[in-house]
Amino acid sequence: MLPAAPHGASPSDHVWYPATRVQQGMWVLDRDELLRPTQLVPTVVEFTGPVDHRALLSAVGRALSRHPSLRARFRLDVRRRQVEYRTDGPPAEPGFLDAEAEGWTEEEVDNLVRALSAAPFDLAQDAPARAEVIRMGAERTLLALNVHHIVFDGVSRGMLLEDIQILYRAAAAGVEPRLSAPPHPASVVAERAPEEIAEQVAEVVDRLRGAPAEVLLPLPRTPLDGSAESLLGASLATSLDPGTTARVMAVAAQEGCTPFMVGVALLAATLARTGPQRDFLIAFAWPGRDDPDTADVIGMFMTTVVLRVTLGPEDTWHDLLGDVRVSGMEAFVDSDVPLDAVSAALNPDRNALWPPLSPVLVNLDEAPRSVDLTPGTTGRLRPLDPMFVKYDLAVFVRLEDTPDGRRLALSLDYPVNVFDTGDVQDFLNALRHSAADLATFPENPVLEESVRPTATAVDLDDPAARLELVRSIWREILGADDIADDISFFESGGDSLLLVLLVERLGQASGREVRTMDLFRSPTVSGQADLIAAAAEPAAAPAAAAGDRAALLAAARTQGGAAR
């Protein structure tokens, strides 16, 4: 068997290549039934406008076939004790379903999309990608993609969606697209000497030694028996108004901090203000694409890195931001250090599978929000359903441009069977409060909180009060005074980003659990007023599904309301 091609060489599809350390770790995680769903990267795009479905199927099929990683098959070489892959397998064939013509209901389609998003892959036999084009009507089409994380990262998702867009436009026009052949992932893997790795690991361990491997979250944990164990997750989101955002980023700029570093500082500050811990290890994902040669390669280059944040009793917001910047830069420099080796040295009693060191994560949210096939056909990414999480708490930070100005958006992903939604909402509110203090009192000690304003109670049993509550939140989010009760949120100027904010604000104002999919089904003011009249029923874990397309189609139509 041949080793990986030297850096910059041209490999062949017909040989086995050693998986990277990260890929080998993911292959191991895929063996665990509980963790298996967390190794998937699903994407669901809803297109509004006319779609040439033949052209879209062609574009998706060509995109899946042209990248070597998406044709990969993996195996374990027991003698060499290494995971290997080759890329000469057949690519995935996208499926097509005319849901309107075949009489599929919205519920049945939702069941299918959930199944496609959660069904595992047989990495030895299957292409690590699947796709389904679903025609919902003359002006509405869904594209459900799912790729295994072992060959796919956040950058890869943007590349694949861009490929589909380019290939679709070419197919619709009857011309050949101008796309260069993508490099093989093995051609951009740089080998490092074991001695170099060991020296770097020792430096990282020395820097992190003494920090607790656990993070004390101010969230009561729900007692569970073994049968209830699940990594089904949910997300809550909020955003700062443009004025607060501008002040936060101005203070951050004084300390040379990025939005990601602001997110780390806000998380550490909020944890310290709501609990006894003052020394934190916080994980984050590093793209791992420092080499320009990786720019056109779909693959798994991301690594998990840990930085350390400490907070003293007199530290101001300026001090905290400065500390986070230094810690972040140190972590960036050592981003290629194998985290499993660091974890083994610092926490030998850890769970050997996951998480490797810290149960909390902060990431910069750079996922695309829209995919426009043509000027007349727009696409938006739908929220993940189901969502699976690996961390006790994951904070995502995003600077987004809105009609009323730039906003700093914060979202929390959490396991629904471990933490109560109301408790997570309280923590999200505390995170907002920390951001307000950073913006207003940057010279004050972080641990000296300002006084929180009290909320005005709303009688949710009064239909008129409910309607006015929903109207007021729509006015706030859409920046409009004239709100009609029977016009959908999207027709009133909303988009998927503002919908996430609407979910958070309705839940915060009503104290009720509000889900994104509920707002899709009740898109008007009056519908949402009825929605918060009663507490939402808790969602159960989705039923397990096989990867076979025919089985997924059959299951989606027979599960009905029991699919969830």
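About the criteria used
- Residues numbered from 1 in each chain as written.
- Predicted model: local features only at pLDDT ≥ 70, side-chain atom pairs only at ≥ 80, totals over all residues.
- Heavy atoms only, no water.
- Helix = DSSP H or I, 4+ residues; strand = E, 2+ residues; numbered from the N terminus.
- Buried < 20%, exposed > 50% of the residue type's maximum accessible area, 1.4 Å probe, protein only.
- Contact = heavy atoms within 4.5 Å.
- Areas by Shrake-Rupley, 256 points an atom, 1.4 Å probe, with all protein chains shown as cover.
- Pairing = 2+ DSSP bridges.
- Axes fitted to C-alpha atoms, helices over the stretch in contact; angles between N-to-C directions.
- Parallel < 35°, antiparallel > 145°, perpendicular 65-115°, else oblique.
- Left-handed = near helix turned anticlockwise from the far one by under 90°.
- Nonpolar A, V, L, I, M, F, W, Y, C, P; charged D, E, K, R; others polar.
- Polar contact = N/O pair within 3.5 Å; in protein donor to acceptor, adjacent residues only side chain to side chain.
- Phe/Tyr/Trp six-rings, centres within 6.5 Å; stacked < 30°, edge-to-face > 60°.
- Salt bridge = Lys/Arg side-chain N within 4 Å of Asp/Glu carboxyl O.

Within the protein chain, the regular secondary structure consists of 15 helices and 15 strands. Looking at the 564 residues of the protein chain, the share that counts as buried comes to 53%. The contacts in the protein chain between residues at least 6 apart in sequence include a share of 75% that link residues at least 24 apart. Of the accessible surface of the protein chain, which amounts to about 24,600 Å², a share of 52% is contributed by carbon and sulfur atoms.

Turning our eyes to something else, we now look at the sheet that holds strand S1 (residues 17-18). Hydrogen bonding along the main chain pairs the strands of a sheet, whether they run parallel or antiparallel. With antiparallel pairing, 3 strands are arranged side by side in an open sheet as S1-S4-S3. The sheet is open, and its two borders are formed by S1 and strand S3 (73-77), each paired with just one other strand. Running over the sheet, helix H1 (residues 21-30) touches S3 and strand S4 (82-86) and is turned about 100° from S4.

Once that is clear, we can look at the sheet that holds strand S7 (residues 140-148). With respect to topology, 5 strands assemble into an open sheet ordered S5-S6-S7-S2-S12, the strand pairing being mixed. The open sheet has two edge strands with one neighbour each: strand S5 (95-98) and strand S12 (378-381). Averaged over all adjacent pairs, the angle separating strand axes in this sheet is 20°, with direction ignored. In this sheet, S12 lies alongside strand S2 (residues 40-48) in antiparallel orientation, the contact comprising 4 bridges. Note on S12: the bridge partner recorded for Phe-47 is Gly-379.

So, about the side chain of Thr-270. With respect to the helices and strands, Thr-270 occurs in helix H7 (residues 259-274). Sequence-distant contacts of Thr-270, defined by excluding residues within four places in its chain, comprise Phe-427, Ala-430, Leu-431 and Ser-434.

On to the packing of H7 against helix H10 (residues 421-440), then. Between H7 and H10, the shortest axis-to-axis distance is 9 Å and the interhelical angle comes to 110°. By the angle between their axes, H7 is roughly perpendicular relative to H10. The handedness of the crossing between H7 and H10 comes out as right-handed. Within the contact between the two elements, H7 uses Leu-266, Leu-267, Thr-270, Leu-271, Arg-273 and Thr-274 and H10 uses Phe-427, Ala-430, Leu-431, His-433, Ser-434, Ala-435, Asp-437 and Leu-438. Per-class residue counts for the contact of H7 with H10 are 8 nonpolar, 4 polar and 2 charged.

This paragraph deals with the environment of Asp-392. Relative to the elements of secondary structure, Asp-392 occurs in the loop between strand S13 (387-388) and strand S14 (393-402). A C-alpha to C-alpha distance of 6.5 Å links Asp-392 and Pro-415, two positions 23 residues apart in sequence. For Asp-392, the residues in contact, after removing those within four places along its chain, are Leu-217, Arg-221, Pro-359, Asp-413, Tyr-414, Pro-415 and Phe-419. Polar contacts involving the side chain of Asp-392 include one to the side chain of Arg-221, which spans 3.2 Å.

Below, the discussion takes up unusual backbone geometry. The omega angle of the peptide bond from Asp-385 to Pro-386 is 10°, so this bond is cis rather than trans. Mapped onto the fold, Pro-386 is located in the loop between S12 and S13.

Here we come to the packing of aromatic side chains. The geometry of two aromatic rings is summed up by the distance between their centres and the angle between their planes. By the definition in use, this model includes 8 aromatic pairs. On the numbers, 6.0 Å between centres and 40° between planes, the contact of Tyr-17 with Tyr-85 is tilted. One end of the pair, Tyr-17, is in strand S1; the other, Tyr-85, is in strand S4, with 68 residues separating them in the sequence. In terms of burial, Tyr-17 and Tyr-85 fall into one category: buried.

Our next topic: the pattern of salt bridges. For the coordinates displayed, the defined rule picks out 30 salt bridges. A salt bridge links Arg-382 to Glu-46; its shortest N-O distance comes to 3.8 Å. Linking Arg-382 in the loop between S12 and S13 with Glu-46 in strand S2, this pair joins segments that are 336 residues apart in sequence. This pair shows no difference in class: Arg-382 is buried, exactly as Glu-46 is. Among the salt bridges present, the one from Asp-485 reaches Arg-471, with a minimum N-O distance of 2.9 Å. In this pair, Asp-485 sits in the loop between helix H11 (463-478) and helix H12 (496-510) while Arg-471 sits in helix H11, placing the two residues 14 residues apart along the sequence. Classification of Asp-485 as partly exposed rests on a relative accessible area of 24%. In this structure Arg-471 comes out as buried when scored by relative accessible area, which is 17%. When salt bridges with common partners are traced through the structure, they connect Glu-46, Glu-106, Asp-110, Arg-140, Arg-380, Arg-382 and Arg-521 into a single cluster.

Quick look at the side chain of Ser-434 now. Its place among the elements puts Ser-434 in helix H10. In contact with Ser-434, other than residues within four places in its own chain, are Leu-266, Thr-270, Arg-273 and Trp-317.

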